[in-house]
Amino acid sequence: MGRVVCLAESESWRSEHQVEKTEIEEGIVTKKGKEPLRGPFVPTIEEIHEAFDHIKAIRYNQPLHLGGKPSGFWY
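Just so we're clear, the structure is a prediction, and the values are computed from it rather than from any experiment.

Asker: So what exactly am I meant to see when it comes to the overall build of the chain here?
Answerer: Helix and strand counts for the chain come out as 3 helices and 0 strands. Along the chain, helices (α) and strands (β) appear in the sequence α-α-α when read from the amino end. Counting only residues that meet the buried cut, the chain has 8% of its 75 residues in that class. Taken as a whole, the chain presents about 7600 Å² of accessible surface, with 58% of it coming from carbon and sulfur.

As structure tokens, this is what we get:
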């Protein structure tokens, strides 16, 4: 459901506002940091799909071990 909402919102922003195409959309590859970034930053459909593909769905009561060492604790 979140993917559908993000896709709809992105398409809405792109249809209502002037959004410059990114270098990726135009097929241009350049080094990062040459020009300062300017907004608005609206994700492409491919970026939204890629982001949601990395989400791992779990059930409400499913235990999940996050791993790693807790930070901010004094032992």
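Asker: It is not clear to me how the pattern of salt bridges should be interpreted in this structure. Could you clarify?
Answerer: Close approach of charged atoms lets side chains of opposite charge pair. As enumerated under the stated definition, the model contains 1 salt bridge in all. Of the charged contacts in the structure, one is a salt bridge between Arg3 and Asp53, with a shortest N-O distance of 3.2 Å. With a gap of 50 residues between them, Arg3 in helix H1 (residues 2–16) and Asp53 in helix H3 (residues 45–53) connect regions that are remote in the sequence. For Asp53, a relative accessible area of 54% corresponds to the exposed category.

Asker: Honestly, a nonpolar patch on the surface in this entry has me stumped. Any pointers?
Answerer: A cluster of nonpolar side chains, Ile58, Leu64 and Leu66, forms an exposed patch at the surface whose accessible area comes to about 320 Å². Mapping Leu66 onto the fold places it in the segment after H3.

Asker: How should the side chain of Ser10 be read in this particular structure?
Answerer: Tracing the backbone shows Ser10 in helix H1. The class for Ser10 is buried, based on a relative accessible area of 4%. Not counting residues up to four positions away in its chain, the partners in contact with Ser10 are Val42, Pro43 and Ile48.

Asker: Looking at this structure, I do not really get the packing of H1 against H3. What am I missing?
Answerer: Between H1 and H3, the least distance of the axes is 10 Å, while the angle of their chain directions is 160°. Relative to H3, the element H1 lies roughly antiparallel. Crossing handedness for the pair H1 and H3: right-handed. Residues Gly2, Arg3, Cys6, Leu7, Ser10 and Glu11 of H1 lie in contact with H3, whose contacting residues are Ile45, Ile48, His49, Phe52 and Asp53.

Rules used in this analysis
Residues numbered from 1 in each chain as written. Predicted model: local features only at pLDDT ≥ 70, side-chain atom pairs only at ≥ 80, totals over all residues. Heavy atoms only, no water. Helix = DSSP H or I, 4+ residues; strand = E, 2+ residues; numbered from the N terminus. Buried < 20%, exposed > 50% of the residue type's maximum accessible area, 1.4 Å probe, protein only. Areas by Shrake-Rupley, 256 points an atom, 1.4 Å probe, with all protein chains shown as cover. Salt bridge = Lys/Arg side-chain N within 4 Å of Asp/Glu carboxyl O. Patch = residues over 30% accessible without salt bridge, like charges linked within 9 Å, V, L, I, M, F, W, Y side chains within 5 Å. Contact = heavy atoms within 4.5 Å. Axes fitted to C-alpha atoms, helices over the stretch in contact; angles between N-to-C directions. Parallel < 35°, antiparallel > 145°, perpendicular 65-115°, else oblique. Left-handed = near helix turned anticlockwise from the far one by under 90°.

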